[in-house]
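Coordinates in review
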There are 2 protein chains.
Amino acid sequence: MVTKEQILNALSYVEEPDLKKDLVTLNMIQNIGIEGEKISFDVILTTPACPLKDHIEHACRNAIAHFIDKNLEVQINMTSNVIGKQGAQVSGIKNIILVSSGKGGVGKSTVAANLALALHTKGAKTGLLDADIYGPSLPIMFGLEGAKPGSVEMPDGQVKIEPLEKFGLKLLSIGFFTDPNQPIPWRGPMTTSAIKQLFNDAHWGELDYLVVDMPPGTGDIHITVSQTFPIAGAVIVTTPQQVALADAVKGIGMFLMDSINIPLLGVVENMAYFTPAELPDNKYYIFGKDGGKRLAEEYKVPFLGEIPLLKGISDAGDNGFPIAIDNEDPVTKSFLTIAEKVAQQLSIIHSQLK
Amino acid sequence: MVTKEQILNALSYVEEPDLKKDLVTLNMIQNIGIEGEKISFDVILTTPACPLKDHIEHACRNAIAHFIDKNLEVQINMTSNVIGKQGAQVSGIKNIILVSSGKGGVGKSTVAANLALALHTKGAKTGLLDADIYGPSLPIMFGLEGAKPGSVEMPDGQVKIEPLEKFGLKLLSIGFFTDPNQPIPWRGPMTTSAIKQLFNDAHWGELDYLVVDMPPGTGDIHITVSQTFPIAGAVIVTTPQQVALADAVKGIGMFLMDSINIPLLGVVENMAYFTPAELPDNKYYIFGKDGGKRLAEEYKVPFLGEIPLLKGISDAGDNGFPIAIDNEDPVTKSFLTIAEKVAQQLSIIHSQLK
């Protein structure tokens, strides 16, 4: 008869490759069940988007076979409990991820929306906050023009904004509260006060990840968000163009400043090349080549991936269906990989901070 | 013998098509010279970029031939004296033109730089002020990274910033005063104070046009610039993408607000389509088609032109040579036409305000 101790001993030889400790020490093995020759246990990963999920499951099976008995019937339930930034959380939000770019128009909103969808596809409870106060794109990208969030009364009597839900994501945008045809000529203090409300006065519920689509630049909103809320990390979006890279460097510089100090999760290169639909082998490097990759190398942050310039991506956003909801699209796969890398980086960062 | 009166009488039948008055009433005929059968005069246009220059010259010759004598030798000197916004001018700057976009990354800086160069090519004294405080592109676009403007002592003892000069333009950018690798995490009041200095504390000299590359959005800088300085008009840049158009509408709305009230000179559609160099007949409407044109129609403002998405334009900007300095490039012709239309709109607006 197999014992619980034998199972834990075997699994103590399985290392979590990112966190560099074994699964037992990391307290990732739970609910061990033994029925004769049939054993079962849960592996609690730090994120459902773990890119090493299959690798870890395989290593567990090997360890049981090697250290106990290769004839055991092993049932492994790969699950997750997303770890968040320790200490001050915004009411139930485990990880706030900023998607930022020095320069506007590099596809930041496209990356933010599709990253959020990809995290959701991987099984994480995810929200998307469009903090681009002067140019909110979320209402158009999710086909929610004219939609208005309702309100909800909390147990303590406080009334909060109820985020909208679509494609499984909780969604809020400053665009839901303003007339799309009217400008928002607000000075700094008004914008920062509006942003704080979208974080604090909304009923986000329990979220593993809240992806925040930041405005371009390094202005009032960045300073306020970075200094007011516990940000888990930032993703930098750039095109390969020199003028975009120059601004991305400034964005990176801001997150690295002592007074801000937000971990960089990596760089996404958007509009990497253009491929006409009828010439799938042609890659036109309209904005230059590998600029984002070089930027990531220079600042020693992970390169999360490149997204081509495709008419489909622009159309998808304009038509209210971000591309990552279409699982057949090859670009969706790129976003899933980016989501895995982002989640992986967060797990690594949190485990080092412990 | 021909008399001055005969010449003025003949030219009083020539109408300035934009200003809807005759050249004599508009005081556009100067320096009439008569030597036997040889007459000469200056036509003082309202801008050297007048798109009707040839048309007006031709009409003058016809009028002289028709009303006086078709055998006269007529020498016409087509010149110009740019008219500016009446009243408060910023020290010698006749027309301040804002180049703006709701959304970032639509090519606003490319349009601003090439519009300024095209106005210069047409013979106007032109400056370019890069007011995009969080993402200044001018230093890279003009190959002036690391360059520092000097200072100049004015007759009254005041010391002013001396704009740099390249390709015939007077140039200033916030980027000349900051470290390109450092972010500018400034809140609103700091940014507006910096911008005011670039207008007021610089020795711009006499300029027909100062083109201002505005930051994206509708924030502090827009409010300050619009309300502090006498702005002649604004050019809106957009891509055909729905999410860009939505922001462009907001930008237009801001300029039309009672408290701002800046004339719209027109809409430029950038990244209208992509054409691979080796497939010059292929047009890929990556971001959709004719969005800028429809926007202009909807708001009843002139459509100034469309600029394709070409690798050459991006490369040119990245390499310090805006495309409009290359007179062989077909895109240069587009920018020259845009410059003419902008100058034309300004002349019409000023003549109506008189």
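Residues numbered from 1 in each chain as written. Chains lettered and ligands numbered in written order. Predicted model: local features only at pLDDT ≥ 70, side-chain atom pairs only at ≥ 80, totals over all residues. Heavy atoms only, no water.

Under an unreviewed UniProt entry, the name given to chain A is Iron-sulfur cluster carrier protein, and the organism recorded is Sphingobacterium zeae. UniProt's Function (unreviewed entry) comment on chain A is quoted here verbatim: "Binds and transfers iron-sulfur (Fe-S) clusters to target apoproteins. Can hydrolyze ATP." In its Subunit (unreviewed entry) section, the UniProt record describing chain A reads: "Homodimer." (UniProt positions renumbered as here; feature names shortened; annotations may be inferred.)

A tally of helices and strands in chain A yields ten helices and 15 strands. Since a compact globule built from 354 residues should have a radius of gyration of about 20 Å, the 22 Å found for chain A is in line with a globular shape. By principal-axis analysis of the C-alpha atoms, chain A measures approximately 75 × 60 × 40 Å. In chain A, buried positions account for 59% of the 354 residues. Long-range pairs, those at least 24 residues apart, make up 73% of the contacts in chain A with a sequence separation of at least 6. Within the structure as shown, chain A displays about 14,100 Å² of accessible surface, and the carbon and sulfur contribution to it stands at 48%. If the 29 positive side-chain charges of chain A are averaged to one point and the 40 negative ones to another, these points end up 4 Å apart. (Helix = DSSP H or I, 4+ residues; strand = E, 2+ residues; numbered from the N terminus. Rg over C-alpha atoms; globule rule 2.2 N^0.38 Å. Buried < 20%, exposed > 50% of the residue type's maximum accessible area, 1.4 Å probe, protein only. Contact = heavy atoms within 4.5 Å. Areas by Shrake-Rupley, 256 points an atom, 1.4 Å probe, with all protein chains shown as cover. Lys, Arg positive; Asp, Glu negative; His and termini not counted. Charge placed at Lys NZ, Arg CZ, Asp CG, Glu CD.)

Below, the discussion takes up the UniProt feature "binding site: ATP" (unreviewed entry) in chain A. UniProt's feature table lists "binding site: ATP" (unreviewed entry) at Gly102, Lys103, Gly104, Gly105, Val106, Gly107, Lys108 and Ser109 of chain A, given in the numbering used throughout. Mapped onto the elements, Gly104 of chain A comes out in the loop between strand 6 (93-100) and helix 3 (108-121). Judged by its relative accessible area of 6%, Gly104 of chain A falls in the buried class. The contact partners of Gly104 of chain A, leaving out residues within four places of it in the chain, are Pro216 of chain A together with Gly104 and Gly105 of chain B. One can find Val106 of chain A in the loop between strand 6 and helix 3. Among all residues touching Val106 of chain A, those that are not within four sequence positions of it are Ser101, Val237, Thr238, Thr239, Ala244, Asn270 and Met271 of chain A.

This paragraph deals with the packing of helix 7 (residues 242-256) of chain B against helix 8 (residues 291-298) of chain B. Residues and elements named next belong to chain B. Across the interface, helix 7 lies against helix 8 with an axial gap of 11 Å and an inter-helix angle of 30°. By the angle class used here, helix 7 and helix 8 are roughly parallel. The way helix 7 lies across helix 8 gives a crossing that is right-handed. Of the residues in helix 8, those in contact with Leu245, Ala248, Val249 and Ile252 of helix 7 are Gly291, Gly292 and Leu295. (Axes fitted to C-alpha atoms, helices over the stretch in contact; angles between N-to-C directions. Parallel < 35°, antiparallel > 145°, perpendicular 65-115°, else oblique. Left-handed = near helix turned anticlockwise from the far one by under 90°.)

Residues and elements named next belong to chain A. Tracing the backbone shows Gly168 in the loop between strand 10 (164-166) and strand 11 (169-173). Residue Gly168 is classed as partly exposed on the basis of its relative accessible area of 39%. Through-space distance from the C-alpha of Gly168 to that of Ala124 is 10.0 Å; in sequence the pair is 44 residues apart. Once residues within four sequence positions are removed from consideration, Gly168 is found in contact with His120 and Thr126.

Another point: the relation of the copies chain A and chain B. Both copies of the chain are placed relative to one another by a rotation about an axis and a shift along it. Between chain A and chain B, which share one sequence, the superposing operator has a rotation angle of 180° and an axial displacement of 0.0 Å; the RMSD is 0.1 Å. Expressed as an axis order, the relation between the two copies is that of a two-fold axis. Interface residue correspondence from chain A to chain B reaches 100%, placing this contact among same-surface, isologous pairings. (Least-squares fit on C-alpha atoms with pLDDT ≥ 70 in both.)

Right, let's talk about the sheet that holds strand 3 (residues 29-35) of chain B for a bit. Residues and elements named next belong to chain B. One open sheet holds the three strands; their spatial order is 3-4-5, and the pairing between them is mixed. Pairing within the sheet leaves two strands with one partner each, and these edge strands are strand 3 and strand 5 (73-80). When strand polarity is set aside, the average angle formed by the axes of neighbouring strands in this sheet is 15°. The sheet contact formed by strand 3 and strand 4 (residues 38-45) spans five bridges and is antiparallel. Looking at the pairing, Gln30 lines up with Asp42 of strand 4. Packing against the sheet, helix 1 (residues 4-11) makes contact with strand 3 and strand 4, and its axis sits at approximately 135° to strand 3. Contacting strand 4 and strand 5, helix 2 (residues 53-67) crosses the sheet at an angle of about 150° to strand 5. (Pairing = 2+ DSSP bridges.)

This brings us to the interface of chain A and chain B. Put simply, an interface is often sized by how much accessible area is lost when its parts join up. Each side of the interface is counted separately: chain A has 51 residues, and chain B has 51 residues. Taken together, the two surfaces of chain A and chain B that pack against each other cover about 4,400 Å², and 60% of this comes from carbon and sulfur. At the level of secondary structure, the elements contributing two or more residues to the side of chain A that touches chain B comprise helix 4 (138-141), helix 5 (188-200), helix 6 (220-228), helix 7 (242-256) and helix 9 (311-318) of chain A. Ranked by residues supplied to the side of chain A that touches chain B, first place goes to helix 7 of chain A with eight residues. Here the side of chain A that touches chain B is built from residues that sort into 24 nonpolar, 18 polar and nine charged. (Buried area = accessible area lost by both parts, 1.4 Å probe. Nonpolar A, V, L, I, M, F, W, Y, C, P; charged D, E, K, R; others polar.)

All right, on to helix 9 of chain A then. Where helix 9 of chain A is concerned, the buried positions are Ile313, Ser314, Ala316, Gly317 and Asp318 of chain A. Positive backbone phi, at 85°, marks Gly320 of chain A, one or two positions downstream of helix 9 of chain A.

All names here are of chain A. For the structure shown, the criterion picks out 18 salt bridges over all chains. For Asp132, the salt bridge is made with Lys108, and the minimal N-O distance between the two is 3.6 Å. Of this pair, Asp132 sits in the loop between strand 7 (126-130) and helix 4 while Lys108 sits in helix 3, and the two are 24 residues apart along the sequence. For the pair shown, Asp132 and Lys108 are each scored as buried. (Salt bridge = Lys/Arg side-chain N within 4 Å of Asp/Glu carboxyl O.)

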